[in-house]
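Chain by chain, the residues:
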Amino acid sequence: MKKRNAFTLAEVLITLGIIGIVAAMTMPAIIQKNTEKTTVARLKKVYSTLSQAYLGVLSRDGSPDEWNLPYYTEDDGGQYILDKFKPWLKIIKDCGTREKGCYTEGTNDTQGNTAAKAILNDGICLSFKVWQNQCLSSFGNVQQVKNICGIIEVDINCLKNPNKQGHDIFRFFLTKDRIFPYGTALQDSGDLDNPSRLSFAYCAKYKGGMGCTAWVLYNENMDYLRCSDLSWDGKKHCD
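What counts and what doesn't
- Residues numbered from 1 in each chain as written.
- Predicted model: local features only at pLDDT ≥ 70, side-chain atom pairs only at ≥ 80, totals over all residues.
- Heavy atoms only, no water.
- Helix = DSSP H or I, 4+ residues; strand = E, 2+ residues; numbered from the N terminus.
- Buried < 20%, exposed > 50% of the residue type's maximum accessible area, 1.4 Å probe, protein only.
- Contact = heavy atoms within 4.5 Å.
- Pairing = 2+ DSSP bridges.
- Axes fitted to C-alpha atoms, helices over the stretch in contact; angles between N-to-C directions.
- Core = buried A, V, L, I, M, F, W, Y, C linked by side-chain atoms within 4.5 Å.
- Disulfide = S-S within 2.5 Å.
- Phe/Tyr/Trp six-rings, centres within 6.5 Å; stacked < 30°, edge-to-face > 60°.
- Lys NZ or Arg CZ within 6 Å of the ring centre and 35° of its normal.

> Could you clarify how one ought to interpret the side chain of Thr-39 in this entry?
Along the chain, Thr-39 turns up in helix α1 (residues 9-61). Thr-39 sits in the buried class, given a relative accessible area of 8%. Not counting residues within four places of it along the chain, the set of residues in contact with Thr-39 comprises Ile-156, His-167, Phe-170 and Met-222.

> Would you mind showing me how to read the sheet that holds strand β4 (residues 148-155) here?
The strands that make up a sheet pair up through hydrogen bonds in the backbone, lying either parallel or antiparallel. The six strands lie next to each other as β1-β2-β3-β4-β5-β6, forming an open sheet whose pairing is antiparallel. Every other strand in the sheet has two partners, leaving β1 (91-96) and β6 (179-181) as the edge strands with one partner each. Averaged over all pairs of adjacent strands, the angle between their axes in this sheet comes to 25°, without regard to strand direction. By the bridge criterion, six bridges tie strand β3 (residues 125-130) to β4 in an arrangement that is antiparallel. Note that in β4 the partner of Cys-125 across the bridge is Asp-155.

> Where do I start with the nonpolar core in this structure?
A general tendency of soluble globular proteins is for nonpolar side chains to be buried together. Phe-85, Val-154 and Tyr-224 are the most contacted members of the largest nonpolar core, which has 42 residues in total. Contributions of two or more residues to this core are made by α1, α2 (78-85), β2 (116-120), β3, β4, β5 (169-175), α3 (200-206) and α4 (213-219). Ranked by the residues each element gives to this core, the list is headed by α1, at eight residues. If you look at the next biggest cluster of nonpolar residues, it comprises nine residues, including Ile-148, Ile-151, Phe-173 and Tyr-182.

> What should I look at first to understand unusual backbone geometry in this one?
Of all residues except glycine, most have a negative phi; of all peptide bonds, most are trans. Put simply, Asn-161 and Pro-162 share a cis peptide bond, and its omega is 15°. Within the element layout of this structure, Pro-162 appears in the loop between β4 and β5. Positive phi, close to 55°, is recorded for Cys-158, a residue that is not glycine. By the element assignment, Cys-158 lies in the loop between β4 and β5. Accessibility expressed as a relative area gives 10% for Cys-158, which makes it buried. Phi at Glu-220 takes a positive value of approximately 55°, unusual for a residue other than glycine. Examined against the element boundaries, Glu-220 turns out to sit in the segment after α4. Taking relative accessible area as the criterion, Glu-220 reaches 46% and is therefore assigned partly exposed.

> What is the right way to read the state of the cysteines from this model?
By definition, a disulfide links two cysteine residues through a covalent bond between their sulfur atoms. Taken as a whole, this structure holds five disulfides when the rule is applied. Here Cys-95 pairs with Cys-102 through a disulfide, and the sulfurs are 2.2 Å apart. Where Cys-95 bonds to Cys-102 through sulfur, the torsion about that S-S bond is close to 75°, and the disulfide is right-handed. What pairs with Cys-135 in a disulfide is Cys-149, and their sulfur atoms sit 2.0 Å apart. Every disulfide takes its handedness from the sign of the S-S torsion; for Cys-135 and Cys-149 that torsion is 115°, giving right-handed. Within this pair, whereas Cys-135 is found in the loop between β3 and β4, its partner Cys-149 is found in strand β4, the two being separated by 14 residues in sequence.

> Can you walk me through the pairing of β4 in this structure?
The side chains of a regular strand alternate, residue by residue, between the two faces of the sheet. The element β4 is largely enclosed, with a buried count of eight among its eight residues. Judged from the seven bridges that link them, β4 and β5 form a sheet pairing that is antiparallel. Looking at β5, one finds that Val-154 is bridged to Phe-170.

> So what exactly am I meant to see when it comes to the packing of aromatic side chains here?
The description of an aromatic ring pair rests on the distance of the ring centres and on the angle between the ring planes. The tally for this structure, following the rule as stated, stands at twelve aromatic pairs. Aromatic side chains Tyr-47 and Phe-172 sit 5.1 Å apart centroid to centroid with 15° between the ring planes, which places their arrangement in the stacked category. Taken together, the residues Tyr-47 in helix α1 and Phe-172 in strand β5 connect sequence positions 125 residues apart. Since its relative accessible area comes to 14%, Tyr-47 is described here as buried. Taking the centre distance of 4.1 Å and the plane angle of 5° together, the rings of Phe-200 and Trp-215 count as stacked. One end of the pair, Phe-200, is in helix α3; the other, Trp-215, is in helix α4, and 15 residues separate them in sequence. Overall, the relative accessible area of 1% leaves Phe-200 in the buried class. Taken together through their ring pairs, the aromatic side chains of Phe-200, Trp-215, Tyr-218, Tyr-224 and Trp-232 make up a single cluster. Directly above the aromatic system of Trp-67 lies the positively charged group of Lys-84, at a separation of 5.4 Å from the ring centroid.

As structure tokens, then:
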């Protein structure tokens, strides 16, 4: 009678233990990467949605410098911008500038009573704020970051954590003729008029911040969360 080869119970348990350890080590990284891919996709979608909506706004109402916008420190000013966008967006809740429940609370300028907040039907939260009522503000000497009228901030997963710039919160300039993401290569040009906190260099160094938006849109990754040596004219991915 032939003797059958088989694993002992101890061998099976040891194997399962090894598999469990490997899974415990790799699963967080896999989950994080999947979360980042979702964030990239949702940011690209909302950028396209807002850009298309703005084309409709411009065709119907003209440039923001013709809207008689209030001064940027005035309460409720952001509602002027949100009201222009509303016909072109699928909004399921408009919190205006006072009601809670549409945006994470905080002290940043897109979260106070000067900013108007809303939730889209896909669960993305928006915040609109007047920045310069005559669209005369700029963050550099290149045309793309001139004629800034307002700020649009998006929270990809709305009220869910982490509620951090460059993680799930991203910001855009509203200019006279387009919506432009914070942190482009144009803002990394060394222009002294460009505050470092708006640049991707700041985002890469501190693994987050307002200057991450363009990187996520154009390079379709959030690798700055894991390495700090990325740049527009250098590495685009962590090794």
